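The residues making up each chain are set out below.
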Amino acid sequence: MAKAKRLTIGILAHVDAGKTTLSEAMLYHSGRIKSMGRVDHKNAFLDTDTQEKDRGITIFSKQAEFTIGDGETEVMLLDTPGHVDFSAEMERTLSVLDYAILVISGKDGVQSHTVTLWKLLQKYEVPVFVFINKMDLDGTDEDRLLTELKETLDPGCSVLTDLEELATCDDELLEEYLTNGTLENDSIARAVYERSVFPCFFGSALKPYGVSEFMQSLQNLTLRLVYTDPGNVSGPNDFRGRVFKITRDQGERLTHIKVLGGVLRVKDEIDGEKVNQIRIYSGQKYRTVDSAESGMLCAVTGLVKTSAGYDAELEPVMSYRVIPPAEVNDTKMLEILRQLEDEDPMLNVSWNPQIREIQVKLMGEIQLEVLSNIINERFGFEVTFGQGQIAYKETITEPVTGAGHFEPLRHYAEVQLLLEPLPNGSGLSFGTLCSEDVLDKNWQRLIMTHFLEKEYTGALTNSPITDMRISILTGRAHKKHTEGGDFRQSTYRAIRQGLRKSAALGQVVLLEPWYEFRLELPGDMVGRAMADIQRMSGTFEAPEMRGDNAILEGQAPVSEMKSYITEVAMYTKGYGRLMVRAAGYRPCHNQDEVIERIGYDPDRDIENTGDSVFCSHGTGINIPWYESDEMMHMSNGLKDTREEETEFSPKVTSYRSGPSFEDDDELRRIFENTYGSLSGKNTGSRKKWKAKIEPKEYVAKVKIKESLPEYLLVDGYNIIFAWPDLKELAKVSIDAARDALIEILCNYQGFKKCKLMVVFDAYKVKGGERHIEQQAGISVVYTKEAETADTFIERTTYELSGKGAVDEEGKRQKYSVKVATSDRLEQIIIMGNDAIRMSAKDFIAEVEMVNKQIEEVIARNNRQNEIASVKIGHIFDKKQ
């Protein structure tokens with residue numbers, strides 16, 4: 001027997017269009033459920049979450065299985081949220097849909113969010129069936145609605161009963177109709193899949209009528225599909241799939257996958273991780289299977305590295321400060337939010353080191369409330385949020401080069417990049433202009449991965465960058481000392497240096513989100529509305545009069561219009577209706593005011609530094625971004641014109657300027673083939689860069705950091721368990737390991753002559769008080785009950801690098817603070833306090849180097865003592 005046709009169908013709608021009710025009706029008519037649930041009765045099959053029942057809206061996408069026509073067609077229905085606040089949850093499903101059902105309220109017609117959904121379906125190339133619901137209500141008109149669909153969405157919106165109109169939507173259908181006078185279902189199905197026809201159906205999901213006919217058309221007008229999508233995960237048995245969602249069920253992480261080819265079996269490995277269980281969910285329940293075949297949607301346990309990243313069209317436009325309760329520190333809060341971000345990447349969790357705040361990005365107030373409830377239900381505490389702030393972005397207006405060099409002891413990497421502006425709405429793109437003869441392909445690929453692994457922020461307000469292309473110009477590795485992480489550091493620094501240059505030249509633009517709006521209100525109030533829009537720095541078309549009402553359409557900044565819906569309701573006494581949808585980003589209408597209000601200082605943002613690190617006399621030295629160009633080892637072109645060296649040494653002490661774009665024919669040819677003529681372009685060559693900047697302008701924009709004495713903070717137990725020898729000793733006696741570390745640190749401090757404090761956790765010791773001891777020049781701290789070493793170090797770092805500490809003479813002294821720890825979250829926080837992070841691995845290497853130097857000094861002194869003894873012996877012999 002032939003296998004059943006297997007389809008994944010998503011159902012989408014504007015809020016309150018009756019989407020969930022239609023889902024219930026389809027499940028009921030298929031025999032999947034015995035009775036129809038209702039949203040207002042809180043017993044819908046797919047609205048299983050408590051918050052969904054309480055609010056009467058879909059918040060999380062859910063799936064349900066059913067069959068049509070004696071099992072000939074197997075459908076996995078994905079019910080998606082209709083509220084704009086949960087658009088990201090809806091958009092994640094679009095990449096795995098075979099078909100979509102767009103539900104429109106017959107009473108309300110096409111809404112602003114309906115248009116947004118239509119554009120998304122167009123972007124993801126999803127074939128669409130349109131169901132116009134609530135046709136049992138008074139005032140609905142099929143002809144008027146069909147005309148609106150054709151004018152607003154697509155002329156291909158047609159009913160199946162009008163074959164002549166249907167045929168005009170597609171050339172092949174027209175030819176078939178003119179030849180045969182009729183249309184075959186297979187021909188219509190082909191036109192539907194190619195998105196030239198969008199079948200429209202009228203009915204009422206609640207009554208229900210029109211539903212069974214609609215379902216029959218789903219069976220007749222859909223195709224049996226073979227997928228060409230390569231997916232984003234693969235495994236044995238020719239398996240390939242697309243991860244589209246991450247959730248948790250009873251604390252267990254679930255990776256939701258659409259199988260696109262081959263077979264996925266239990267115990268198969270995906271990227272080195274074993275599949276423990278394969279689940280097929282339907283509503284709140286699931287069944288386990290041994291394998292999943294092409295076309296199936298499944299949830300897999302056992303995978304922890306997978307992600308549901310995607311190129312989102314709908315982005316949050318508001319940023320909120322997260323305020324945890326007093327008993328939850330920032331480190332713990334970040335850890336929880338990272339877990340939630342794993343499930344919803346659009347949260348964009350970030351730590352702002354300058355103001356010591358955790359921030360998330362959300363679509364609106366309802367999503368804010370839902371997030372707060374999720375944290376309370378899952379983690380057992382209440383979190384509050386600050387007032388929403390606009391999520392700005394930054395871009396550049398002229399091309400610029402950026403260079404990053406990373407060369408601490410036994411490390412080496414250099415990268416030089418070209419940053420170019422792109423048209424509005426382009427986002428970020430990445431590429432290379434570097435020859436593989438200059439930098440090996442593997443290193444270039446590694447740099448490309450570093451382009452994609454973090455969100456880069458600008459130098460005006462620390463907002464994410466957008467609308468630019470970043471290309472590799474050149475780079476250099478050392479065959480012995482270069483490691484993968486070295487290119488990460490140099491890439492990050494190169495991008496940041498380019499952005500700092502652009503900001504210094506005044507070639508950075510702050511972008512803000514805008515709305516497209518449609519305002520319907522009484523005609524005698526349109527003058528007030530037009531004045532309001534002008535005050536908001538918005539624009540609008542000439543008003544359209546419909547009887548006694550006026551319709552005003554236009555665009556305005558989100559910052560000005562976000563609260564306008566309340567104002568409209570007040571001055572129209574409830575007769576006005578404002579509908580908005582995201583219209584992308586545009587130059588900020590009050591840039592200077594926003595920059596001053598945010599008050600971002602890029603010099604204090606050590607986590608996003610544009611400075612480079614060069615090696616001098618065996619030690620890494622920090623070179624400010626505005627001086628590092630002249631010290632780069634490579635010219636910012638495709639060729640390195642210095643003489644060939646038999647063995648490259650990263651410790652170059654002299655540098656030779658390389659050719660600019662205009663001087664290098666090969667570079668010019670490759671650049672122009674990729675980007676067009678150089679005429680009129682600022683290529684960002686070093687010569688042009690220097691010509692554009694007066695030295696005095698640099699000095700005015702750059703704060704020179706004062707030289708400060710060094711203070712080293714060591715997370716004691718973190719280092720012990722990262723140091724193999726101490727870790728083994730700790731298995732025998734933790735006290736012995738602690739004493740051994742203290743002795744090592746005493747030797748280190750004595751040689752380096754720095755201030756040193758080692759901190760040990762004692763937060764679990766009942767009734768314990770903080771205890772500080774002085775041992776051979778170092779401070780040994782044991783934290784008090786309920787105080788972790790992380791918390792103590794974070795606070796101490798802030799005090800030492802900020803207001804300073806009181807020295808022996810009673811004066812306040814600021815310090816250059818280093819923190820030795822491998823706790824990633826702690827590293828993020830301490831960097832915000834102007835501290836320098838040092839991983840356990842790097843610290844151990846430095847201690848071992850110091851021990852070696854101590855041994856050399858001792859050996860040298862011993863030799864000198866031996867020589868002195870011999871000389872004294874000779875003198876004594878002569879006297880004898």
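Just above, that's the structure.
Report follows, based on the coordinates. (Residues numbered from 1 in each chain as written. Predicted model: local features only at pLDDT ≥ 70, side-chain atom pairs only at ≥ 80, totals over all residues. Heavy atoms only, no water.)

1. A closer look at the overall build of the protein
Consideration 1: Helix and strand content of the protein: 26 helices and 42 strands.
Consideration 2: Each of the 880 residues in the protein was classed as buried or not, and the buried ones make up 51%.
Consideration 3: In the protein, once contacts between residues fewer than 6 apart in sequence are set aside, the share between residues at least 24 apart is 69%.
Consideration 4: Entry remark: accessible area of the protein is about 41800 Å², with carbon and sulfur atoms responsible for 47%. (Helix = DSSP H or I, 4+ residues; strand = E, 2+ residues; numbered from the N terminus. Buried < 20%, exposed > 50% of the residue type's maximum accessible area, 1.4 Å probe, protein only. Contact = heavy atoms within 4.5 Å. Areas by Shrake-Rupley, 256 points an atom, 1.4 Å probe, with all protein chains shown as cover.)

2. Details of the packing of helix H3 (residues 87-94) against helix H4 (residues 112-123)
Axis angle and axis distance: for two packed helices, these are the angle between their axes and the distance between the axes, and together they describe the pair.
Consideration 1: With their axes 10 Å apart at the nearest point, H3 and H4 run at an angle of 30 degrees to one another. The angle between H3 and H4 places the two elements in the roughly parallel class. You can see that H3 and H4 cross each other, and the crossing is right-handed. On the side of H3, the interface is formed by Ser-87, Met-90, Glu-91 and Leu-94, while H4 contributes His-113, Leu-117, Leu-120, Leu-121 and Lys-123.
Consideration 2: Among the residues forming the contact of H3 with H4, the class breakdown is 5 nonpolar, 2 polar and 2 charged. (Axes fitted to C-alpha atoms, helices over the stretch in contact; angles between N-to-C directions. Parallel < 35°, antiparallel > 145°, perpendicular 65-115°, else oblique. Left-handed = near helix turned anticlockwise from the far one by under 90°. Nonpolar A, V, L, I, M, F, W, Y, C, P; charged D, E, K, R; others polar.)

3. Regarding the sheet that holds strand S42 (residues 836-838)
The strands making up a sheet are joined through hydrogen bonds of the backbone, oriented either antiparallel or parallel.
Consideration 1: What the 6 strands build is an open sheet, ordered S37-S38-S36-S35-S41-S42; its pairing is mixed. Each end of this open sheet is capped by a strand with a single partner; those strands are strand S37 (771-775) and S42. Strand-to-strand, the axes of this sheet are offset by a mean angle of 20 degrees, without reference to chain direction.
Consideration 2: Each of strand S35 (710-715), strand S36 (755-760), S37 and strand S38 (778-782) is contacted by helix H23 (residues 734-752), which is oriented at about 170 degrees to S36, the strand it contacts most. (Pairing = 2+ DSSP bridges.)

4. Looking at the environment of Leu-347
Consideration 1: Along the chain, Leu-347 falls in the loop between helix H10 (330-343) and strand S19 (350-352).
Consideration 2: A relative accessible area of 3% places Leu-347 in the buried class.
Consideration 3: In sequence terms Leu-347 and Lys-361 are 14 residues apart; their C-alpha atoms lie 5.0 Å from each other.
Consideration 4: When neighbours within four sequence positions are excluded, Leu-347 is seen to be in contact with Leu-340, Glu-341, Val-360, Lys-361, Leu-362 and Leu-371.

5. Section: unusual backbone geometry
Consideration 1: With an omega of -10 degrees, the peptide bond running from Lys-207 to Pro-208 counts as cis.
Consideration 2: Mapped onto the elements, Pro-208 comes out in the loop between strand S7 (198-202) and helix H9 (211-220).
Consideration 3: Although it is not a glycine, Lys-267 sits at a positive phi angle of roughly 80 degrees.
Consideration 4: Take Lys-267: it is sitting in the loop between strand S11 (263-265) and strand S12 (269-270).

6. Some details on the environment of Val-84
Consideration 1: The topology assignment puts Val-84 in the loop between strand S3 (73-79) and H3.
Consideration 2: Along the sequence, Val-84 and Ile-366 sit 282 residues apart, while their C-alpha atoms lie 9.6 Å from each other.

7. Looking at the pairing of S3
Consideration 1: Along S3, 6 of the 7 residues are buried, which leaves the element largely enclosed by surrounding structure.
Consideration 2: Pairing of strand S1 (residues 5-13) with S3 involves 7 bridges; the strand directions are parallel. Directly across from Ile-11, in S3, lies its bridge partner Asp-79.
Consideration 3: Here 7 bridges tie strand S2 (residues 62-68) to S3, and the two strands are oriented antiparallel to one another. Among the inter-strand pairings, Phe-66 is bridged to a residue of S3, identified as Val-75.
Consideration 4: Two successive antiparallel strands, S2 and S3, enclose a turn made up of 4 residues, where Gly-69 displays a positive phi of approximately 65 degrees.

8. Quick word on the sheet that holds strand S17 (residues 297-301)
Consideration 1: In spatial order, the strands read S8-S9-S10-S17-S14-S15; together these 6 strands make up an open sheet with antiparallel pairing. Taken across any chain shown, the strands that pair with only one partner, and hence form the sheet edges, are strand S8 (233-234) and strand S15 (285-289).
Consideration 2: As paired strands, strand S9 (residues 240-249) and strand S10 (residues 252-261) are joined by 9 bridges and run antiparallel to one another. Residue Val-243 lies in a different strand from S10, and its bridge partner there is Ile-257.
Consideration 3: Contacts from H10 reach S9 and S10, with the element oriented near 140 degrees to S9.

9. Some thoughts on the packing of aromatic side chains
Consideration 1: According to the stated counting rule, one finds 16 aromatic pairs in the structure shown.
Consideration 2: On the basis of an interplanar angle of 85 degrees and a centroid distance of 5.1 Å, the ring pair of Tyr-711 and Tyr-815 is categorised as edge-to-face. Placement of Tyr-711 in strand S35 and of Tyr-815 in the loop between strand S40 (812-813) and strand S41 (816-820) is noted, with a sequence separation of 104 residues between them.
Consideration 3: Its relative accessible area of 9% is what places Tyr-711 among the buried residues.
Consideration 4: Considering the side-chain rings of Tyr-748 and Phe-843, the 5.7 Å spacing of their centres and the 65 degrees angle between planes classify their relative orientation as edge-to-face. Within this pair, whereas Tyr-748 is found in helix H23, its partner Phe-843 is found in helix H26 (residues 840-879), the two being separated by 95 residues in sequence. A single burial state applies to Tyr-748 and to Phe-843, both of which are buried.
Consideration 5: Ring pairing ties together the aromatic residues Tyr-99, Phe-129, Phe-131, Tyr-193, Phe-201 and Phe-214, which thus form one cluster.
Consideration 6: The ring of Tyr-286 carries Arg-279 above its face, with NZ or CZ at 4.2 Å from the centroid. (Phe/Tyr/Trp six-rings, centres within 6.5 Å; stacked < 30°, edge-to-face > 60°. Lys NZ or Arg CZ within 6 Å of the ring centre and 35° of its normal.)

10. Thoughts on the nonpolar core
Consideration 1: Counting 51 residues, the largest nonpolar core has Leu-12, Leu-149 and Cys-298 as its most contacted members.
Consideration 2: Contact partners of Cys-298, with chain neighbours within four places excluded, come to Thr-255, His-256, Ile-257, Val-259, Leu-264, Ile-278, Arg-279, Ile-280 and Ala-292.
Consideration 3: In this structure, Tyr-320, Val-322, Leu-334 and Leu-552 belong to the second largest nonpolar core, which totals 49 residues. (Core = buried A, V, L, I, M, F, W, Y, C linked by side-chain atoms within 4.5 Å.)

11. Observations regarding the pattern of salt bridges
Consideration 1: Overall, the coordinates contain 38 salt bridges when judged by the stated rule.
Consideration 2: A salt bridge links Lys-258 to Asp-98, with the shortest nitrogen-to-oxygen separation between them at 3.2 Å. Taken together, the residues Lys-258 in strand S10 and Asp-98 in the loop between H3 and strand S4 (99-105) connect sequence positions 160 residues apart. Per residue, the accessibility class of Lys-258 equals that of Asp-98, and both read buried.
Consideration 3: A salt bridge links Arg-535 to Glu-567, with the nearest nitrogen and oxygen atoms 4.0 Å apart. Pair noted here: Arg-535 is in helix H14 (residues 526-535) and Glu-567 is in helix H16 (residues 564-571), with a separation of 32 residues, a long-range link.
Consideration 4: For Glu-567, a relative accessible area of 29% corresponds to the partly exposed category. (Salt bridge = Lys/Arg side-chain N within 4 Å of Asp/Glu carboxyl O.)

12. Thoughts on a negative patch on the surface
Consideration 1: A cluster of acidic residues, Glu-560, Asp-592, Glu-593 and Glu-596, forms a negative patch on the protein surface.
Consideration 2: With 3 residues, helix H17 (residues 591-598) is the single largest residue contributor to the negative patch.
Consideration 3: In this structure, Glu-593 sits in helix H17. (Patch = residues over 30% accessible without salt bridge, like charges linked within 9 Å, V, L, I, M, F, W, Y side chains within 5 Å. Lys, Arg positive; Asp, Glu negative; His and termini not counted. Charge placed at Lys NZ, Arg CZ, Asp CG, Glu CD.)

13. Side note on the side chain of Lys-501
Consideration 1: Locating Lys-501 in the fold gives a position in helix H13 (residues 484-504).
Consideration 2: For Lys-501, a relative accessible area of 2% puts it in the buried group.
Consideration 3: In this structure the side chain of Lys-501 is engaged in a polar contact, spanning 2.7 Å, whose partner is the side chain of Asp-629. (Polar contact = N/O pair within 3.5 Å; in protein donor to acceptor, adjacent residues only side chain to side chain.)

The values are spatial; any link to function lies outside them.
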